[in-house]
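The lines below spell out each chain.
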Amino acid sequence: MANMREIRNRIKGIQDIMKITNAMYLISSSKLKKARKTLLATEPYFVKLQETIHDILFYAPHMHEIFFERREEIPEEDRKIGYLVITADKGLAGSYNHNVIKAAENEMAKHSSKNTMLFVVGQVGRQYFLRKGVTVDCEFLYTAQNPTMYRAREISETILQLFQTRQLDDVYLIYTKMVTPIKSEPVCTKILPLERRKFERRKAGALHAKFEPSPEVVMDRLVPNYLKGLIFGCMVESFSSEQNDRMIAMEAATKSAKEMLHDLDLMYNRARQGAITQEITEVAAGAKALKKQKKS
Amino acid sequence: MAKTFLLEIIASDRVFFTGQCESLIFPGMDGEHGILANHERTVTCIDAGELKYKIDGEWFYAAVSDGYAEVSGDHVVIIADTVEKPEEIDVKRAEEAKIRAEERLRQKQSIMEYYHTQVALNKAMNRLKVNQRHLK
């Protein structure tokens, strides 16, 4: 049986860590409240944005726009593929970072191309991929905390610029979607080039919509705007999932710390009782021996 | 009563307005666009400016920033970064933003920065304009 001092040290250690996990739980739950509020406010925008772009691409006439270039002449292994991965700035968020990183790695494994370029939002993913030796854009430094429209615009501009100058041929976005308040999962979507849905329209027999002043001009403005909104929505959703996962992880940690403390408490009491019993036996034995000595 | 259509105005941080409306005027890239019910299916962009819509004969105004509009017969969706009512505009903040942008325009900048500043200046001036026109 472990001795009393060892157990006491252990209990103290666990209590200290529990204080931290509990504090982190409180912090992340208050942050989550804020993040949820923005998520709820942004959700209609995010949903509508995707719906309308879906519609617009459905009704768009044929045009030569760089955003639609599929660049099929470039063979699979030479394609320059960019991944925009949204991770957290800090760890200790349960499996949040792990899931996103794993999704990104799976996605990268699907393509035979070696020209991949990663754009990572958040420090955890950045450090991970740098250690792994994957090409990460070094100047792409953005925090995942409190997403703003401003940051989303900068990110989308960087990516669009690389796409337009043919430094990227395909761009994927990997982020964490909040399915329900207790469940989140990583999602990967292709953001560039845009898929035109010409064939579906022909089948439906729908006519082109009018683009004012001209389809090209509208698309030139609309696509950056759409991308900015999309990235903003994804960042908001990821941030909310991150806080949620962290809250759950910290709650679990606090709970298991409490269980451990309970067990250790029992063990400590047993050890203490054992020590007392032993002392009594020793004293009693000593007294008996003394008595025997006097008699003889 | 005039024929109405469903209008949805959605900003990045909230749903600004949804409901039936008789007439809508928004700032496009090449001037103002007016929309009535049964309009042709159209997609167009919105510049920063003043947007107005008519319900039961009464006009409502708002300041919008960049975005786009999808018009299809009896349904119009406007998606913009920000949409604000005249009384919601923070005049002090807009004025500060305007001064900041003007100052930055005097500095040497890259083309990208120049565009950003211009957009910022545009937004600030539009906010001030809409606020002044409808609150005084």
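Scroll up for the structure.
These numbers come from a predicted model, not from an experiment. (Residues numbered from 1 in each chain as written. Chains lettered and ligands numbered in written order. Predicted model: local features only at pLDDT ≥ 70, side-chain atom pairs only at ≥ 80, totals over all residues. Heavy atoms only, no water.)

Visitor: It is not clear to me how the overall build of chain B should be interpreted in this structure. Could you clarify?
Guide: Looking only at helices and strands, one finds 2 helices and 10 strands in chain B. Secondary structure of chain B in N-to-C order comes out as β-β-β-β-β-β-β-β-β-β-α-α. Here the C-alpha coordinates of chain B stretch approximately 55 × 35 × 25 Å along the principal axes. Looking at chain B residue by residue over its 136 residues, the buried ones come to 46%. Relative to all contacts within chain B whose residues are 6 or more apart in sequence, the contacts with residues 24 or more apart total 52%. For chain B, the accessible surface area stands at approximately 7,000 Å², while carbon and sulfur atoms represent 48% of it. Charge-centre separation for chain B: the mean point of 18 positive side chains lies 5 Å from the mean point of 23 negative side chains. (Helix = DSSP H or I, 4+ residues; strand = E, 2+ residues; numbered from the N terminus. Buried < 20%, exposed > 50% of the residue type's maximum accessible area, 1.4 Å probe, protein only. Contact = heavy atoms within 4.5 Å. Areas by Shrake-Rupley, 256 points an atom, 1.4 Å probe, with all protein chains shown as cover. Lys, Arg positive; Asp, Glu negative; His and termini not counted. Charge placed at Lys NZ, Arg CZ, Asp CG, Glu CD.)

Visitor: Explanation requested: the pattern of salt bridges in the structure shown.
Guide: Close approach of charged atoms allows side chains with opposite charge to pair. All names here are of chain A. Applying the stated criterion to the full structure yields 16 salt bridges over all chains. Between Glu107 and Lys110 there is a salt bridge, with its nearest N and O atoms 3.2 Å apart. One end of the pair, Glu107, and the other, Lys110, are both in helix α2 (residues 96-110), 3 residues apart, so they sit about a helical turn from each other. Exposure remark for Glu107: the relative accessible area of 10% places this residue in the buried category. Taking the relative accessible area as the measure of exposure, Lys110 reaches 60% and is therefore exposed. With a shortest N-O distance of 3.1 Å, Arg246 and Glu242 are connected by a salt bridge. Here Arg246 pairs with Glu242, and both are found in helix α6 (residues 215-295), just 4 residues apart, close to one helical turn. Residue Arg246 shares its accessibility class with Glu242, and that shared class is buried. Taken together, the shared-partner salt bridges in this structure form one network comprising Lys12, Asp16 and Lys19. (Salt bridge = Lys/Arg side-chain N within 4 Å of Asp/Glu carboxyl O.)

Visitor: It is not clear to me how the interface of chain B and chain A should be interpreted in this structure. Could you clarify?
Guide: Accessible area lost during the coming together of the parts is what is often quoted as the interface size. Each partner contributes residues to the interface: chain B has 29 residues there, and chain A has 26 residues. Ranking the residues of chain B by area buried against chain A places Arg41, Val43 and Tyr68 of chain B at the top, with a combined share of 25%. On inspection of chain B and its partner chain A, the count reaches 3 salt bridges. Between Lys48 of chain A and Glu8 of chain B there is a salt bridge, with its nearest N and O atoms 3.2 Å apart. Our enumeration of links across chain B and chain A arrives at 6 residue pairs in polar contact (both at pLDDT 80 or more). Those elements giving two or more residues to the side of chain B that touches chain A turn out to be β1 (5-11), β2 (14-21), β5 (39-46), β8 (67-73), β9 (75-80) and α2 (111-135) of chain B. Per-element accounting of the side of chain B that touches chain A gives the leading share, 7 residues, to β5 of chain B. (Buried area = accessible area lost by both parts, 1.4 Å probe. Polar contact = N/O pair within 3.5 Å; in protein donor to acceptor, adjacent residues only side chain to side chain.)

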